Amino acid sequence: MIKIEQLKFGYSKKKILFNHLNAEMSVGKVYGLLGHNGAGKTTMLKLIAGLLFPKSGKCSVMDFIPKERNPYFLQEIFYVPEEFDFPSISIDKFIKAYSVFYPQYSKEIMDEILVEFELQTDEKLNALSFGQKKKFLLAFALSTNCKLLLLDEPTNGLDIPSKSKFRKIIARYINDDRSFVISTHQVRDLDNILDSVIIIEKGEVVFDKTIDEIQSKLIFRKVQHLDDNLEVLYSDKELGGYNIVTKNTDAEETKIDLEMLYNAINANKEHVNNAFN
Amino acid sequence: MQLMQIKSMLIMHLINYKKGMNKYFNIKRFANLVKRELHSNMKRNLLIIGAMFSIFTISAFLVFELGEEITSEITFEKFHSMVFLGMLFTGGAFLASFSFIELRNKINAHFYLLTPGSSLEKLLVNLLISLVGFIVFMMLFYFLYSQVFNWIVSAIFGYQFSNVDFLHEEVISSIQVFISVHSIFLLGAISFKKYPVILTPIFIFLVNITLFGFVRLVGFAVFGDFDIDNQLFSKEIFDKLNLYSKIIIIYIIPPVLWFVTYLKLNEKEL
């Protein structure tokens, strides 16, 4: 679905963000794009959406070149930015004006999610709180039935119950024909919904594995003492013991702790990546 | 059998061609973009027009009341034509400058750029609304307005102004110049991130000054103190220059600037 090859991009000639960026994402999956602030997550999403143009290299999405902004391509992608604002029209009017551009738009899905997020269609968009606006835009994005959804920090501004609803909704509406790419630095918000994790650091993909691969190669657990026999890839001291990441040598299955994984990559990416070889 | 194959190949070719063309222009998508534009910006456009008419009406009544009595025949004859053209240029400059307004707000620009429509369609929407639509609207509305205006002015001040003759040569050529000016403001709207309605005329002024200075400098370098305006150029040459500048203003500037605006829209990044 998405193929990025040797992509070079920078906001100025001197400040190059991506030098030889490579990434591939397939259809039917939820991708988590992780990285600290300024790592290039939003830039990567904008390059995929065609809002920014690569200086060199290749970026293709569903066989389209995003920078051409072909209307048929735009009908199949929806980008939910971290920050946005709406015109002063009602939810109803916005839906009427924008839904016509998306041939697969489903009113049923829209109504369902609006009910779930407790939003009324006669409410004025600019009178909503930031969290409510975000919930509306997420609802609209999902109801367009676009093949590719790009969500930039989608849980920012959502309250705790809404974050959990968001996870459920994402899990409900992913299918074999579409993909979601979710960029976040709040990794706990993406618990249990990801199929793949991509971590970028200083404009480079430093980790790109499926959840199955991670589960089969790494173990996440809590121990009281650090044992010398354990091949610890990363440890984090906390009250009453240590959270550790170790190699999975006995085909054991543990729940992935995304935060631990992210910290482990941050601390020593070569060490962790070697566990997959 | 072979004929059938050729026929199906031709049909496939036609479908692909149509699909290829559709990525640039599709009437249904275009109509949706027009609706979207009206939804988002119509209120603002009407406010601009309303403000313009209100300011003029108040000013005109103040001048009639406080100023000297109007006696000139030309004034009675051309009053509405001049006011109509003044409003057309002023309103048009404002409306054109507010085109692509979403692109000036970084937070909202992605909505505009990612709305499924081609750059050509997005440009044509702006031309349809702020140029064609505005000219037609102004003709109809100004005609009605002038009737009411004349009736009230005649009742209060006793003045009888002639109606605008939209088919008069001067009005038609002024509208042609307006199309050219509009194309400059449209380009300004996509080029300047802030205050295009102010920066575009400043830019035009600076370009004119530079060009004028350059021509004078070249003239001085080539002819020295020789009075080129009066002695070298005959009336014939001036007529020719007049014709060429008309061709440039009416037929060359608008399509060239529309094309540049299209390219700028195509290349817009966030």
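Residues numbered from 1 in each chain as written. Chains lettered and ligands numbered in written order. Predicted model: local features only at pLDDT ≥ 70, side-chain atom pairs only at ≥ 80, totals over all residues.

1. A few points about the overall build of chain A
The helix and strand inventory of chain A stands at 9 helices and 12 strands. Relative to a compact globule of 277 residues, whose C-alpha radius of gyration would be 19 Å, chain A shows 20 Å and is just as compact. Counting only C-alpha atoms, chain A reaches 65 × 45 × 35 Å along its principal axes. Burial statistics for chain A: of 277 residues in total, 40% are counted as buried. Restricting to contacts in chain A with at least 6 residues of sequence separation, those with at least 24 account for 68%. (Helix = DSSP H or I, 4+ residues; strand = E, 2+ residues; numbered from the N terminus. Rg over C-alpha atoms; globule rule 2.2 N^0.38 Å. Buried ≥ 20, exposed ≤ 12 C-beta atoms within 10 Å, placed from the backbone. Contact = placed C-beta atoms within 7 Å.)

2. Focus: the sheet that holds strand β11 (residues 232-238) of chain A
Residues and elements named next belong to chain A. Spatially, β10-β12-β11 is the arrangement adopted by the 3 strands of the open sheet, whose pairing is antiparallel. Each edge of the open sheet carries a strand with a single partner, namely β10 (218-223) and β11. The sheet shows a mean angle of 15 degrees between the axes of neighbouring strands, direction not considered. As judged from the 6 bridges shared by β10 and strand β12 (residues 241-247), these two strands associate in the antiparallel manner. (Pairing = 2+ DSSP bridges. Axes fitted to C-alpha atoms, helices over the stretch in contact; angles between N-to-C directions.)

3. A look at the nonpolar core
I48, I77, A139, L150, V245 and L261 of chain A are the most contacted members of the largest nonpolar core, which has 110 residues in total. Per-element tally for this core: the top contributor is helix α5 (residues 119-157) of chain B, with 8 residues. Excluding anything up to four places from it in sequence, I77 of chain A contacts A49, V61, C146, L148 and L150 of chain A. (Core = buried A, V, L, I, M, F, W, Y, C linked by C-beta atoms within 7 Å.)

4. Let's talk about the sheet that holds strand β2 (residues 16-25) of chain A
Residue and element names in this part refer to chain A. Here we have 3 strands laid out as an open sheet, ordered β2-β1-β4, and antiparallel in their pairing. Of all the strands in the sheet, just β2 and β4 (56-61) have a single pairing partner and so form its edges. Recorded for the sheet is a direction-independent mean angle of 20 degrees between the axes of neighbouring strands. Sheet topology note: the strand β1 (residues 2-10)/β4 ladder contains 5 bridges and is antiparallel. Across the sheet, the residue bridging to K8 is S56, located in β4. Against the sheet, helix α1 (residues 41-49) engages β1, β2 and β4, with an angle of about 120 degrees to β1.

5. Focus on the pairing of β12 of chain A
Pairing of β11 of chain A with β12 of chain A involves 6 bridges; the strand directions are antiparallel. Each bridged residue has a counterpart across the sheet, and for S235 of chain A the counterpart in β12 of chain A is I244 of chain A.

6. Looking at the interface of chain A and chain B
Note: interface size is frequently given as the accessible area lost on complex formation between the parts. Chain A puts 23 residues into the contact, and the matching count from chain B is 18 residues. At the level of elements, α1, α2 (71-74) and α3 (91-99) of chain A are the ones that each hand at least two residues to the side of chain A that touches chain B. Considering only residue class, the side of chain A that touches chain B consists of 16 nonpolar, 2 polar and 5 charged. (Nonpolar A, V, L, I, M, F, W, Y, C, P; charged D, E, K, R; others polar.)

7. Regarding unusual backbone geometry
Residues and elements named next belong to chain A. Within the chain, E118 stands out as a residue other than glycine whose phi angle is a positive 55 degrees. Secondary-structure assignment places E118 in the loop between α4 (107-116) and α5 (130-143). Overall, E118 belongs to the exposed group, with 11 C-beta atoms counted inside 10 Å.

8. Topic: the environment of Y24 of chain B
Residue and element names in this part refer to chain B. With respect to the secondary-structure elements, Y24 resides in the loop between α1 (2-22) and α2 (27-66). Placed 97 residues apart in sequence, Y24 and E121 show a C-alpha to C-alpha distance of 7.2 Å. Apart from the residues within four sequence positions on either side, Y24 is in contact with S118 and L120.

9. Considerations on the pairing of strand β5 (residues 77-80) of chain A
Residues and elements named next belong to chain A. Of the two faces of β5, the one lined by I77 and Y79 and the one lined by F78 and V80 are each fully buried. Relative to strand β6 (residues 148-152), β5 runs parallel, the two being bridged by 4 bridges. In the strand pairing of β6, I77 is matched with L148.

10. Points about the packing of α2 of chain B against α5 of chain B
All names here are of chain B. Running from amino to carboxyl end, α2 crosses α5 at an angle of 30 degrees, the nearest separation of the two axes being 9 Å. As the angle between them shows, α2 and α5 are arranged roughly parallel. You can see that α2 and α5 cross each other, and the crossing is right-handed. Contact residues: R29, F30, L33, V34, E37, F53 and F64 in α2; E121, K122, L124, V125, L128, I129, Y145, V153 and F157 in α5. Among the residues forming the contact of α2 with α5, the class breakdown is 12 nonpolar, no polar and 4 charged. (Parallel < 35°, antiparallel > 145°, perpendicular 65-115°, else oblique. Left-handed = near helix turned anticlockwise from the far one by under 90°.)

11. Thoughts on α2 of chain B
At N41 of chain B, α2 of chain B shows its largest bend, some 60 degrees. Buried within α2 of chain B are the following residues: R29, N32, L33, R36, E37, S40 and N45 of chain B. Close packing links the buried residues of α2 of chain B with α2 and α3 of chain A together with α3 (73-97) and α5 of chain B. (Bend = angle between axes of the 7 residues up to and from the residue.)

12. Considerations on the confidence of the model for chain B
Summing up the model confidence of chain B, the mean pLDDT is 88 and the portion of residues at 70 or higher is 93%. Interface scoring of the predicted complex returns ipTM 0.89; its pTM is 0.87. (pLDDT = per-residue confidence, 0-100.)

13. Things to note about the packing of α3 of chain B against α5 of chain B
Residue and element names in this part refer to chain B. One can describe the packing of α3 onto α5 by two numbers: an axis separation of 10 Å at closest approach and a directional angle of 145 degrees. Note that α3 runs across α5; the crossing there is right-handed. In this structure, α3 contributes H80, F84, M87, L88, G91, G92, L95 and A96 to the contact, and α5 contributes S130, F134, M138, Y142 and S146. Split into classes, the residues belonging to the contact of α3 with α5 amount to 8 nonpolar, 5 polar and no charged.

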